[in-house]
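Coordinate analysis (summary)
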Amino acid sequence: MGITMKCPFCKSDNGCALDDSQTCWCFSVIVPDDMMALISLQQKGIVCVCQRCIEFYCTDKIGFLKTFDLV
């Protein structure tokens, strides 16, 4: 059973699939460095960005930044 973690951007469940085998969908996804830079120092290494936000950022960076008041 996976653990529940919230995306730092949309605050939704990030779909973390970590379990006893320590595998998750995020292990095979590259999160852009400039997106990671948007996460606060206090949250780095603690939170996981959800797949939907990663896709949104990669396809419409400006729209993503505006949606989450990051511009």
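What counts, and where the lines are drawn
Residues numbered from 1 in each chain as written. Predicted model: local features only at pLDDT ≥ 70, side-chain atom pairs only at ≥ 80, totals over all residues. Heavy atoms only, no water. Phe/Tyr/Trp six-rings, centres within 6.5 Å; stacked < 30°, edge-to-face > 60°. Helix = DSSP H or I, 4+ residues; strand = E, 2+ residues; numbered from the N terminus. Buried < 20%, exposed > 50% of the residue type's maximum accessible area, 1.4 Å probe, protein only. Contact = heavy atoms within 4.5 Å. Polar contact = N/O pair within 3.5 Å; in protein donor to acceptor, adjacent residues only side chain to side chain. Arc of directions from axis to C-beta. Salt bridge = Lys/Arg side-chain N within 4 Å of Asp/Glu carboxyl O.

A separate point is the packing of aromatic side chains. Evaluation of the coordinates by the stated rule reveals five aromatic pairs. Seen from their ring centres, phenylalanine 9 and phenylalanine 68 are 6.3 Å apart, and the 50° between their planes marks the pair as tilted. In this pair, phenylalanine 9 sits in the segment before helix H1 (33-36) while phenylalanine 68 sits in the segment after helix H3 (61-67), placing the two residues 59 residues apart along the sequence. Between phenylalanine 56 and phenylalanine 64, the aromatic rings sit 5.5 Å apart at their centres with planes inclined by 75°, giving edge-to-face as the arrangement. The partly exposed category is assigned to phenylalanine 56, whose relative accessible area is 26%.

Mapping asparagine 14 onto the fold places it in the segment before H1. Aside from chain neighbours lying at most four places away, what touches asparagine 14 is Met5, Cys7, Trp25, Cys48, Val49 and Cys50. Polar side-chain contacts of asparagine 14 include one of 3.1 Å to the backbone oxygen of cysteine 48.

Here we come to helix H2 (residues 51-59). Side chains that are three or four residues apart share a direction in an α-helix, a result of its 3.6 residues per turn. For H2, every residue scored as buried is listed here: Cys53, Ile54 and Tyr57. Relative to the axis of H2, the buried residues are bounded by an arc of 100° and lie together on one face. Residues of H2 that are exposed and angled more than 90 degrees away from the buried face: Arg52 and Thr59. Looking at the buried residues of H2, the elements they touch are H1 and H3.

According to the stated counting rule, one finds one salt bridge in the structure shown. The partner of aspartate 34 in a salt bridge is lysine 61, and the shortest N-O contact between them spans 2.6 Å. Separated by 27 residues along the polypeptide, aspartate 34 in helix H1 and lysine 61 in helix H3 bring together distant segments of the chain. By relative accessible area, aspartate 34 is classed as partly exposed at 38%.

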